[in-house]
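# Survey of secondary and tertiary structure
So you can see what is in the structure, the chains are spelled out below.
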Amino acid sequence: MKRAAYAVGATVLTAVLAVALLGPALVDRPAVQAEIQQRLSKALQGQVSWEALDVALFPAPHGELRKLRVEIPDKLGATADQVDVYLRLWPLLRGRAEISSLSLKKPGIRIQAGGGKASDEPIDALAA
């Protein structure tokens, strides 16, 4: 009886590892990246782009964006050399992505106040 339980456990573990390791190879990455960029751009009412996106499940679910660029017309522009996003595992298993931590390397933010009008007045960054 114990041997059967161990055999079932080993089979399940092997199947989970195979899916985790081979799953990303079966995904059409360019199409997924284009879809993510399109949805983010629509949600922000601007343009979101990056050079590379890497996603991994181990040791923790996370994604890494390189050369991120966000442009929201007449509001702001942001860039970062690298963005690391770590996700919570339990919500991810339930079909929702919740960010547990986010780190930026070499971020840059440009804020346009007053609808993009040029002005010599100092900008209140918190109000903008």
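Residues numbered from 1 in each chain as written. Predicted model: local features only at pLDDT ≥ 70, side-chain atom pairs only at ≥ 80, totals over all residues. Heavy atoms only, no water.

## Some thoughts on the side chain of His62
The cut-off we apply is this: The way it works is that DSSP assigns letters per residue, a run of H or I at least four long becomes a helix, a run of E at least two long becomes a strand, and they are numbered from the N terminus. Burial classification: accessible surface area is computed with a 1.4 Å probe over protein chains only, and a residue below 20% of its type maximum counts as buried, one above 50% as exposed, and the rest as partly exposed. Here a polar contact means two N or O atoms within 3.5 Å. Within protein one must be a hydrogen donor candidate and the other an acceptor candidate, and residues neighboring in sequence count only if both atoms are side-chain atoms. Only heavy atoms enter the contact rule, under which two residues are in contact if any of them lie within 4.5 Å.
Here His62 shows up in strand 3 (residues 62-72). His62 gets classed as buried once you look at its relative accessible area, which sits at 19%. Among the polar contacts listed, one links the side chain of His62 to the backbone oxygen of Ala60, at a separation of 2.7 Å. Those residues in contact with His62, other than ones at most four positions away along the chain, are Asp54, Val55, Ala56, Val85 and Tyr86.

## Digging into the environment of Ala52
Of note, Ala52 is situated in strand 2 (residues 52-56). Judged by relative accessible area, Ala52 falls into the buried class, the value being 19%. With 12 residues separating them in the primary sequence, Ala52 and Glu64 have C-alpha atoms 8.0 Å apart. Ignoring sequence-local partners within four residues, the contact set of Ala52 consists of Glu64, Leu65 and Arg66.

## Overview of the pattern of salt bridges
Condition: We count a salt bridge whenever a side-chain nitrogen from Lys or Arg sits within 4 Å of a carboxyl oxygen from Asp or Glu.
On inspection of all chains with the given rule, the structure shows 6 salt bridges. Note that Lys67 and Asp81 form a salt bridge whose closest N and O atoms lie 3.6 Å from each other. Residue Lys67 is found in strand 3, and its partner Asp81 is found in strand 4 (residues 76-87); the two are separated by 14 residues along the sequence. The class for Lys67 is partly exposed, based on a relative accessible area of 42%. Residue Asp81 is classed as partly exposed on the basis of its relative accessible area, which comes to 31%. For Asp81, the salt bridge identified is with Lys106, shortest N-O distance 4.0 Å. You can see Asp81 sitting in strand 4 and its partner Lys106 sitting in the loop between strand 5 (99-105) and strand 6 (108-111), a full 25 residues away along the chain.

## A word on the pairing of strand 2
Selection rule: By definition, two strands form a pair when at least two bridges between them are found by DSSP.
Inspection of the sheet shows strand 2 paired to strand 3 by 5 bridges, in the antiparallel sense. Among the inter-strand pairings, Asp54 is bridged to a residue of strand 3, identified as Glu64. Between strand 2 and strand 3, which follow one another and run antiparallel, lie 5 residues.

## A word on unusual backbone geometry
Backbone geometry at Gln45 places phi at a positive 55°, although glycine is not the residue there. Tracing the sequence through the fold places Gln45 in the loop between helix 2 (29-44) and strand 1 (47-49). For Gln45, a relative accessible area of 63% corresponds to the exposed category. Backbone geometry at Lys106 places phi at a positive 55°, although glycine is not the residue there.

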